[in-house]
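# What the coordinates show
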Amino acid sequence: MDSLTNHLRINFFNQIPTIILDALLTFMALWLAFLLRLGEWYQPSTGQTILFMAAPFITILCLMYMGVYRSVIQFMGHSSLWQLVKATLLSTLTWCVLLVTTKIPDTVPYSVVGIYWLTMTALLGGYRLAFRAFHWAPLKKELKVVIYGAGSAGIQLVSALRTTPDIRPVAFIDDNSQLQGRVISGLQIYAIEDLNHLKKNQQIDEVLLAIPSESSQNKYQIVKKINEYQISVRIIPGLTEIIKGHIKTENIRNVALEDLLGREVFSPKLSSVGQYIEGKTILITGAGGSVGAELCKQLLELQPSQLILLDHSEHSLYQIELELQEILIDSKYVEITPVLGTLLDLSFIQSLFKQHSIDVIYHAAAYKHVNIVEKNRLAGISNNVIGTYNVASVAFENAVSSFVFVSTDKSVRPTNVMGASKRVAELIIQGLQECSLSDNHQLAKNMRPTNFTIVRFGNVLGSSGSVVPKFQEQILRGGPVTVTHKEVTRYFMTLSEATQLVIQAGFMGEGGEVFVLDMGLPVKID
């Protein structure tokens, strides 16, 4: 009774039109059951009137008890329909008990019971499905999509799309030849070679990748194949989101460049680096930049005693300090020290080292936009060469244990001012490393040598120096995309990969090494 009482506490007034319609259709369903069973015009006798009067009340109570009225009709799914079927079955059985116990004098064929359940379910479920279909009738051209992957993720995606207006799944594509030609969830499964046929006959607009367990390399090859048919591609979330039941149409996203790296995203284990960072005072130059900011976030997890954030941009420094303070809300205490200044001021750098006992330096400050540095050569050389010399020489004089210089692959046989300035900075770092290992320096200073390490990598997705955001903006505007040549090929890595590997290189470095990160397969920009 408690359960029934709870279910009766629905907003009764909002459901009155639906309840009245359900009562009328129940009455009609019972009359149709008699009509179909007897095969002739039927009018209830005086003794049978109580059965006809009781049927709507029994049905309404059963629908309330099963929670059918809690479902919003325009969003009804399979679970709501199943609730309705169970409610009509319960109503029919209750009505049957009434039929037996009341001992109505007029004979009622028991086969009417089964027909009554079928007609009631058809009428009550039919008008609900019709209302839902009318509600979701597209007001504009439907977006027709093909689901790549006829596994559990693809089936879930089809169910989600069928509750979404203006998007209609029309077919599956799967590489499994045993599935091709079969039907799942009402959709036929095709091979990828059938895309031309689907594009021509079904006018499909998009392919949605529902293959979250596939490797990045396989996804890369699949997207390349689909691109040959001039059809846009989008992708659903990963396996974790599927397990948690988070597959929703709003989670479908455009294929990102990370999906096209042709390799798995590298996640080095930084647990071994913990003792190298834990409890230390760390200086990050260029802390407000993309690489510097990500370095700060990664280093924060390793529990240093203090992070000194150095940047010449007030806004960037404010942003990264704010982000780090928010992260620290649920973490152990780490002192965050924002420092506003320029590496070109040697006296400022020297005073900074006097104020703080710095253990490790990550030097990420640099001008790295090739075109900008090309047009502002003096500023680029000053910042990248003299700035590096200032901070590295002061680190050398103060015997900082580790100095990691974030460089670029453009420093190898440089063809532009930016690359050349970074190469000169590398030579300065290597020269200081030789000096730090000299006997004269160690005897004169009575200090341990500084380990100078250089890390080179290419295009980092999401970094301020990457050209990819520019291309994405151009694509969103409808083009043109300023790719200089169709065969231009570059190596890419994610921002998280780059920073984690920089941290790991600092831990591994013994002094003087140049670490070149393995960035997987080259990717054509086009």
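That block above? That's the structure.
Because the structure is a prediction, the values reported are computed rather than measured. Within any chain, residue numbers begin from 1 and follow the written order of that chain's sequence. Selection of residues for local features in this predicted model requires a pLDDT of at least 70, selection of side-chain atom pairs for listing and counting requires 80 or more, and totals for whole chains, interfaces and linings are taken over all residues. To get the side-chain values, all heavy atoms of the structure are used, and hydrogens and water are removed first.

Attention shifts here to the overall build of the protein chain. Numbered from the N terminus, helices here are DSSP runs of H or I no shorter than four residues, and strands are runs of E no shorter than two. The number of helices and strands found in the protein chain is 19 helices and 18 strands. The classification of residues rests on relative accessible area computed with a 1.4 Å probe and restricted to protein chains. Under 20% of the type maximum is buried, over 50% is exposed, and intermediate values are partly exposed. The burial tally for the protein chain puts 46% of its 526 residues in the buried class. Excluding contacts between residues fewer than 6 apart, the proportion of contacts in the protein chain whose partners are at least 24 apart in sequence is 74%. The Shrake-Rupley method, run with a 1.4 Å probe, gives the accessible areas here. Residue values count only the displayed protein chains as cover. When the accessible area of the protein chain is evaluated, it comes to approximately 27300 Å², of which 56% is carbon and sulfur surface. Contact definition: two residues touch when any of their heavy atoms are within 4.5 Å.

Another point: the sheet that holds strand E12 (residues 402–408). With respect to topology, seven strands assemble into an open sheet ordered E10-E9-E8-E11-E12-E13-E17, the strand pairing being parallel. Of all strands in the sheet, those bounded by a partner on one side alone are strand E10 (335–340) and strand E17 (514–516). Neighbour-to-neighbour, the strand axes of this sheet turn through a mean angle of 20°, independent of strand direction. The rule for pairing is simple: two strands pair if DSSP sees at least two bridges between them. Sheet topology places strand E9 (residues 306–311) next to E10; six bridges connect them, and they run parallel. Pairing of leucine 310 across the sheet is with valine 339, part of E10. Between the N-to-C directions of two axes lies an angle of 0 to 180 degrees, each axis being a line fitted to C-alpha atoms and, for a helix, fitted only over the stretch in contact. Across the sheet, helix H12 (residues 314–328) lies against E9 and E10, angled at about 175° from E10, the strand it touches most. Across the sheet, helix H15 (residues 377–397) touches strand E8 (281–285), strand E11 (360–363), E12 and strand E13 (451–457), and the angle it forms with E12 is around 160°.

In this fold, lysine 410 is placed in the loop between E12 and helix H16 (417–437). Accessibility expressed as a relative area gives 29% for lysine 410, which makes it partly exposed. Between the C-alpha atom of lysine 410 and that of phenylalanine 457, which follows or precedes it by 47 residues, the distance is 8.6 Å. The contacts of lysine 410, once residues within four sequence positions are left out, are Val370, Met418 and Gly419.

Note on aromatic pairs: the rings of Phe, Tyr and Trp (six-membered ring only in Trp) are paired at centre separations within 6.5 Å, and the planes decide the class, stacked below 30 degrees, edge-to-face beyond 60, tilted for the rest. Throughout the structure, instances matching the rule amount to four aromatic pairs. Consider the rings of phenylalanine 403 and phenylalanine 452, whose centres lie 5.3 Å apart with planes at 45°: the pair is tilted. You can see phenylalanine 403 sitting in strand E12 and its partner phenylalanine 452 sitting in strand E13, a full 49 residues away along the chain. The two residues phenylalanine 403 and phenylalanine 452 agree in class, both being buried. Chaining the aromatic ring pairs together yields one cluster made of Phe27, Phe34 and Phe52.

For the rest of this paragraph, the subject is the packing of helix H3 (residues 49–65) against helix H4 (residues 78–102). H4 packs onto H3 with a crossing angle of 145° between their chain directions and a minimal axis gap of 8 Å. The crossing of H3 and H4 is right-handed. Facing Leu51, Ala54, Ala55, Ile58, Thr59, Cys62, Leu63 and Tyr65 of H3, the residues of H4 in contact are Leu84, Ala87, Leu90, Ser91, Thr94, Trp95, Leu98 and Leu99. When residue character is reported, Ala, Val, Leu, Ile, Met, Phe, Trp, Tyr, Cys and Pro are called nonpolar, Asp, Glu, Lys and Arg charged, and the others, Gly included, polar. By residue class, the composition of the contact of H3 with H4 is 13 nonpolar, three polar and no charged. Crossing handedness follows the turn of the near helix against the far one: under a right angle anticlockwise gives a left-handed crossing, and clockwise gives a right-handed one.

This brings us to the pairing of E12. The side chains of a regular strand alternate, first on one face of the sheet and then on the other. Among the seven residues that make up E12, seven are buried, leaving the element largely enclosed by the rest of the structure. Pairing of E11 with E12, which is carried by four bridges, proceeds in the parallel orientation. By the bridge assignment for E12, isoleucine 361 is matched with phenylalanine 403. As judged from the seven bridges shared by E12 and E13, these two strands associate in the parallel manner. Across the sheet, phenylalanine 403 pairs through a bridge with phenylalanine 452, a residue of E13.

In plain words, nonpolar cores are sets of buried Ala, Val, Leu, Ile, Met, Phe, Trp, Tyr and Cys residues tied together by side-chain atoms within 4.5 Å. Of all hydrophobic cores here, the largest spans 37 residues; its most connected members are Ile284, Leu307, Leu309 and Tyr362. In this structure, Val68, Leu99, Tyr116 and Tyr127 belong to the second largest nonpolar core, which totals 29 residues.

Running from N to C, helix H11 (residues 290–300) and H12 point in directions that differ by 20°, and their axes come no closer than 10 Å. Considered as vectors, H11 and H12 are oriented roughly parallel to each other. Relative to H12, H11 is oriented so that their crossing is right-handed. Each of Ala293, Cys296, Lys297 and Leu300 in H11 lies in contact with H12, whose residues at this interface are Ile320, Glu323, Leu324, Ile327 and Leu328. Between 65 and 115 degrees an angle is taken as roughly perpendicular, under 35 as roughly parallel, over 145 as roughly antiparallel, and anywhere else as oblique.

Looking now at the side chain of threonine 121. As for its position among the elements, threonine 121 is in helix H5 (residues 111–135). We define a polar contact as two N or O atoms separated by no more than 3.5 Å, with the added condition that, inside protein, one atom must be a possible hydrogen donor and the other a possible acceptor, whereas residues neighbouring each other in sequence contribute only through side-chain atom pairs. Of note is the side chain of threonine 121, whose polar atom sits 2.9 Å from the side chain of threonine 88. Within the local environment of threonine 121, its side chain forms a polar contact with the backbone oxygen of tryptophan 117, the two atoms lying 2.8 Å apart. Setting aside chain neighbours within four positions, we find threonine 121 in contact with Val85, Thr88 and Gly126.

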